[in-house]
Every structure is written in structure tokens, then in C-alpha cells.
Amino acid sequence: QVQLVESGGGLVQAGGSLRLSCAASGSFSSINVMGWYRQAPGKQRDLVATITSSGSTNYADSVKGRFTISRDNAKKTVLLQMNSLKPEDTAVYYCKLDPLGRRAYWGQGTQVTVSS
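Now for a description of the structure that goes with this document. Since the structure is predicted, the reported quantities are computational estimates derived from the model, not experimental observations.

1. So, the pattern of salt bridges
Tallied over the full model, the rule gives 4 salt bridges. The partner of Arg38 in a salt bridge is Asp89, and the shortest N-O contact between them spans 2.9 Å. Of this pair, Arg38 sits in strand S4 (residues 32-39) while Asp89 sits in the loop between strand S8 (77-82) and strand S9 (91-99), placing them 51 residues apart in sequence. Side by side, Arg38 and Asp89 carry an identical accessibility label, which is buried. A salt bridge links Lys64 to Asp61; the shortest N-O distance between them is 3.2 Å. Take Lys64 and Asp61: they sit in the same class, and that class is exposed. Taken together, the shared-partner salt bridges in this structure form one network comprising Arg38, Arg66 and Asp89.

Here it is in C-alpha cells:
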């Protein structure tokens, strides 16, 4: 019913930029939190950034000042602008949707690789 589709991942050199997009489909509450998480091989899945339906944002310390999360409520889309990328940013990036009153949903992930 609810589906999240990520796009925009790829291979970039250190210092470069990428923009990830996550489009949600289906029916869910307009009151929600959407965010990006990432997981490197052999490591846990960590929060990157979140944004509420009212626009409040939260960032991991490691990405503050470099990444910007935004959303378009009409399009049910969340974006992650990633600048000044570092090799340690290499991971699979997952989109997450937490609607009010129901379970959370995850996208399938998109690979981001940053070469040194």
C-alpha cells in the first residue's frame, strides 16, 4: 500500500555532491516524520537527517553543515542534498516514513559511494 522509492545515488569523488530523492506513494497521515538513514557494510543503520511535516529538521553531527534535508508535502517527497562528501559517507542510504498512528515504512535503499 505505502511504498518509498529512492533515487539519486551513485559514485562521486570526495568533495563532490549528490542529491537523493525519496518519493512516497499510497495513503498515510499528513502528520509524519520522513528521514534518511545509512548503513555501511558490517555496521549498524544510523540516522542521517529527519524532517517533520511542519518542517522541523534534525541532523547527525557528522553531516551538519554539509547535508540539507527538505520535503515537498504536495509531492510526498523528501530530498537530501549532500555536499562536501567524504569517503566515510559511503553507505546504502534508506528513506524512512513514520506516519502518525501507524507503522514505519522503509525504502529499499540507494548506494552512495565516495572515492578518495
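2. Some points on the pairing of S9
Extensive coverage of S9 is indicated by the burial of 7 of its 9 residues. As defined by bridge partners, S4 adjoins S9 across 8 bridges and the pair is classed as antiparallel. Across the sheet, Tyr37 pairs through a bridge with Tyr94, a residue of S9. The sheet contact formed by S9 and strand S11 (residues 110-115) spans 3 bridges and is antiparallel.

3. Things to note about the layout of surface pockets
The volume enclosed by the largest pocket comes to roughly 190 Å³. What lines the largest pocket is a set of 15 residues, among which Arg38, Ala40, Lys43, Asp46 and Glu88 lie closest to the centre. Contributions of two or more residues to the lining of the largest pocket are made by S4 and strand S5 (46-52).

4. A closer look at the state of the cysteines
Under the defined criterion, the tally for this structure stands at 1 disulfide. Two residues share a disulfide in this structure: Cys22 and Cys95, whose sulfurs sit 2.1 Å from each other. Residues Cys22 and Cys95 are joined by a disulfide whose S-S torsion is about -85°; by sign, that bridge is left-handed. Taken together, the residues Cys22 in strand S3 (residues 18-25) and Cys95 in strand S9 connect sequence positions 73 residues apart. Its relative accessible area of 0% is what places Cys22 among the buried residues. Here Cys95 falls in the buried class, since its relative accessible area comes to 0%.

5. A few points about the pairing of strand S7 (residues 67-72)
Along S7, the buried face is formed by Phe67, Ile69 and Arg71; none of Thr68, Ser70 and Asp72, which line the opposite face, is buried. Bridge count between S7 and S8: 6 bridges; the pairing is antiparallel. Pairing of Arg71 across the sheet is with Val78, part of S8. Connecting the antiparallel pair S7 and S8 is a turn made up of 4 residues, with Lys76 showing a positive phi of about 55°.

Reading guide: rules and limits
Residues numbered from 1 in each chain as written. Predicted model: local features only at pLDDT ≥ 70, side-chain atom pairs only at ≥ 80, totals over all residues. Heavy atoms only, no water. Salt bridge = Lys/Arg side-chain N within 4 Å of Asp/Glu carboxyl O. Helix = DSSP H or I, 4+ residues; strand = E, 2+ residues; numbered from the N terminus. Buried < 20%, exposed > 50% of the residue type's maximum accessible area, 1.4 Å probe, protein only. Pairing = 2+ DSSP bridges. 1 Å grid on protein atoms, 1.4 Å probe; cavity = no way out; pocket = protein on both sides within 12 Å on 5 of 7 lines; lining within 4 Å. Points joined across faces, edges and corners; volume = space filled by probe spheres on them. Disulfide = S-S within 2.5 Å.

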